[in-house]
Amino acid sequence: MLIIKQFILAFISTLMFSAFFSAPKKSLPLAGLLGGLSWTLYLLISDYFGYSKVLAAFIATLVASILAEISAKKFKKPATIFVIPCLLPLVPGAGVYYTMSAFVNGEATAFAKFMETFSIAGAIAFGIMVSSVFSNSIKRKTY
Amino acid sequence: MEELSISEGISVTDNVKLRKLLTLAVLTGSVMLQSGAETYRVEDTIKRICKSRLGIKFVHCFAIPSAIFVSIDYEGELISYLKRVNSYQMNLNKIHLTNKFSRDFVSSDISTEEGLRIIEEIDQNKSFSKNQMILFAGIVAGTFTGMFGSNFTDMILSAFVGGITMKFIYYLYQFKFSAFINNYAAGFTTAALAYILIKLGFATNMDLIIIGGMMPLLPGYALTNAIRDAITGEYISSLSRGLDAILCGLSLAIGVATVLRII
């Protein structure tokens, strides 16, 4: 039940995020679905199965961006339209906040939190890199 | 490898056509860059547009987030174009429209003048008004607060905080401060509003409201673009966007930290 609530919230927030970036109106629902999926997957892996947040972020990014690349191909739209919104729920906003709050209060856990936030960002980056295998457009260029 | 040929010069009509085509290509590229497209896409589009007309074979293009350089060779006449591009604002619809336009332009025989008109139309395109954007930012903030596990009241309050912060940023735009000042002010406003709501007894969890309010402002799109540019080997664009993401995120965090330090 909780996971359905989370999915709906992530769906709405991604949909609104795409609208905030002026995405084409027809692509909004699909972007929302992908965002909901990536967030739910992240929660399932990190909270329910108890793996690390970094692994969860990596797998969620990988699955969501592969699906985004496929849908971009299918609807003949630039992949950015789907890739950017569907990764936004995974951006470690909470991590940034708790890290900074720990630094401000001089807590000893500050560096551990910083490392975790940084690793999540790195995991997202690596997920996008691996997913580019499935993309036509982002291939290394030769001149 | 294309070889440059050397000739005595080309006719005036050809020269005019060539310049118009180059203008169209660079204009398309600059609209894309200003909408936050990846640089490899910009370079690709410019090359395709140039090669589609007049039998041009030699086109080299170099784009970074703040400038576009193009050189084309037409029967020995070498023409270059350099255009500086100002700061960008994410607009996925414009990226989609320019992408569609370049496909249409290459596959059909639309005249260059018509193309210039279409591109200017695309540049004027606004999908949503400012007030709608403020509403969207508010809903994003509210839903993220909910996703991190707050109750319903906090969600609504967070939506208000997000909306007011976004309105404040739009107000700040007219003073043309740097992006860092805007982000610092946004972080400060979010945290200050959340603190006021706690003190007045409306809200229960300040952390979650601040996190929700920060989400629409965090540069996640810059990070994504930076990585996608790095994959194609565009390291200069990638570094510049990565630095943009880090500095914007940092100034936002420092804005919030200022409030947390004061209280």
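Before reading further, recall that the structure is shown in the block above.
The structure reproduced in this document is the subject of the present report. Computed from a prediction, not measured in an experiment: that's the story for all the values here.

Focus: a nonpolar patch on the surface
Residues and elements named next belong to chain A. Residues Leu 2, Leu 37, Tyr 48, Phe 49, Tyr 51, Leu 55, Ile 59, Val 63, Leu 67 and Ile 70 make up a contiguous nonpolar surface patch of about 920 Å² in total accessible area. Every element with two or more residues in the nonpolar patch is listed here: helix H2 (28–48) and helix H3 (53–75). Tracing the chain through its elements places Tyr 51 in the loop between H2 and H3.

Re the packing of aromatic side chains
Here the structure, examined in full by the defined rule, presents 19 aromatic pairs over all chains. Centroid distance Tyr 97 of chain A to Tyr 98 of chain A: 5.5 Å. Interplanar angle 65 degrees. Geometry classified as edge-to-face. Taking relative accessible area as the criterion, Tyr 97 of chain A reaches 1% and is therefore assigned buried. The ring of Phe 128 of chain B carries the charged tip of Lys 25 of chain A above its face, separated from the ring centre by 5.1 Å. Sitting above the plane of the Phe 75 of chain A ring, Lys 74 of chain A keeps its charged end 5.2 Å from the centroid.

Brief notes about the interface of chain B and chain A
With 51 residues of chain B at the contact, the number on the chain A side is 47 residues. For the chain B and chain A pair, buried surface summed over both sides reaches about 4,900 Å², with 73% attributable to carbon and sulfur atoms. There are one salt bridge connecting chain B and chain A. Measuring nitrogen to oxygen at the nearest pair gives 3.2 Å for the salt bridge that ties Arg 228 of chain B to Glu 69 of chain A. Across the chain B-chain A interface, the total number found is eight residue pairs in polar contact (both at pLDDT 80 or more). Elements with a minimum of two residues in the side of chain B that touches chain A: helix H2 (39–51), helix H3 (92–107), helix H5 (130–147), helix H6 (152–173), helix H8 (206–214), helix H9 (220–231) and helix H10 (235–262) of chain B. When residues of the side of chain B that touches chain A are assigned to their parent elements, the largest contribution, nine residues, is made by H5 of chain B. Here the side of chain B that touches chain A is built from residues that sort into 30 nonpolar, 12 polar and nine charged.

Regarding the pattern of salt bridges
Under the definition given, this model contains 10 salt bridges over all chains. One salt bridge connects Glu 38 of chain B with Arg 41 of chain B, and the closest N-O pair in it is separated by 3.2 Å. Owing to a relative accessible area of 9%, Arg 41 of chain B belongs among the buried residues under this scheme. Linked by salt bridges that have partners in common, Glu 69 of chain A together with Glu 38, Arg 41 and Arg 228 of chain B make up one network.

Here we look at H2 of chain A
The terminal C-alpha atoms of H2 of chain A lie 29 Å apart, and with 21 residues this matches the ideal 30 Å at 1.5 Å per residue to within 8%. Trailing H2 of chain A by a residue or two, Gly 50 of chain A shows a phi angle of about 75 degrees, which is positive.

Details of H2 of chain B
The end-to-end C-alpha separation of H2 of chain B is 18 Å, in line with the 18 Å expected for 13 residues at 1.5 Å each. Three or more residues of H2 of chain B are buried, namely Thr 39, Tyr 40, Arg 41, Val 42, Glu 43, Thr 45, Ile 46, Ile 49 and Cys 50 of chain B.

A short note on the nonpolar core
If you look at the biggest cluster of nonpolar residues, it comprises 112 residues, and the most contacted ones within it are Tyr 42 of chain A together with Ile 68 and Val 70 of chain B. When residues are assigned to domains, this core turns out to be shared by domain 1 (12–124) and domain 2 (130–262) of chain B, each giving three or more.

Some words on the layout of surface pockets
Reported here for the largest pocket is a volume of approximately 1,600 Å³. Taken together, 49 residues line the largest pocket, and the ones lying closest to its centre are Ser 87, Tyr 88, Gln 89, Met 90 and Tyr 173 of chain B. Those elements that place two or more of their residues in the lining of the largest pocket are helix H1 (12–34), helix H4 (112–124), H5, H6, helix H7 (179–199), H9 and H10 of chain B. Residues that form the lining of the largest pocket fall into these classes: 25 nonpolar, 16 polar and eight charged. Looking at the lining of the largest pocket, you find at least three residues from each of domain 1 (12–124) and domain 2 (130–262) of chain B. What the second largest pocket holds in volume is close to 900 Å³. As for the second largest pocket, its lining consists of 29 residues, and the residues nearest its centre are Val 96, Phe 118 and Ala 121 of chain A together with Ala 245 and Ile 246 of chain B. Contributing elements (two or more residues each) for the lining of the second largest pocket: helix H5 (93–104) and helix H6 (110–131) of chain A together with H9 and H10 of chain B. In terms of residue class, the lining of the second largest pocket is made up of 21 nonpolar, eight polar and no charged.

What about the side chain of Ser 238 of chain B?
All names here are of chain B. Within the fold, Ser 238 resides in helix H10. The exposure class assigned to Ser 238 is buried, which follows from its relative accessible area of 11%. Residues within four places of Ser 238 in sequence aside, it is in contact with Ala 226, Asp 229 and Ala 230.

Cut-off values and rules
Residues numbered from 1 in each chain as written. Chains lettered and ligands numbered in written order. Predicted model: local features only at pLDDT ≥ 70, side-chain atom pairs only at ≥ 80, totals over all residues. Heavy atoms only, no water. Patch = residues over 30% accessible without salt bridge, like charges linked within 9 Å, V, L, I, M, F, W, Y side chains within 5 Å. Areas by Shrake-Rupley, 256 points an atom, 1.4 Å probe, with all protein chains shown as cover. Salt bridge = Lys/Arg side-chain N within 4 Å of Asp/Glu carboxyl O. Helix = DSSP H or I, 4+ residues; strand = E, 2+ residues; numbered from the N terminus. Phe/Tyr/Trp six-rings, centres within 6.5 Å; stacked < 30°, edge-to-face > 60°. Buried < 20%, exposed > 50% of the residue type's maximum accessible area, 1.4 Å probe, protein only. Lys NZ or Arg CZ within 6 Å of the ring centre and 35° of its normal. Contact = heavy atoms within 4.5 Å. Buried area = accessible area lost by both parts, 1.4 Å probe. Polar contact = N/O pair within 3.5 Å; in protein donor to acceptor, adjacent residues only side chain to side chain. Nonpolar A, V, L, I, M, F, W, Y, C, P; charged D, E, K, R; others polar. Expected span 1.5 Å × (residues − 1). Core = buried A, V, L, I, M, F, W, Y, C linked by side-chain atoms within 4.5 Å. Domains from an automatic or database assignment. 1 Å grid on protein atoms, 1.4 Å probe; cavity = no way out; pocket = protein on both sides within 12 Å on 5 of 7 lines; lining within 4 Å. Points joined across faces, edges and corners; volume = space filled by probe spheres on them.

Everything listed is a geometric property; what it means functionally is a separate question.
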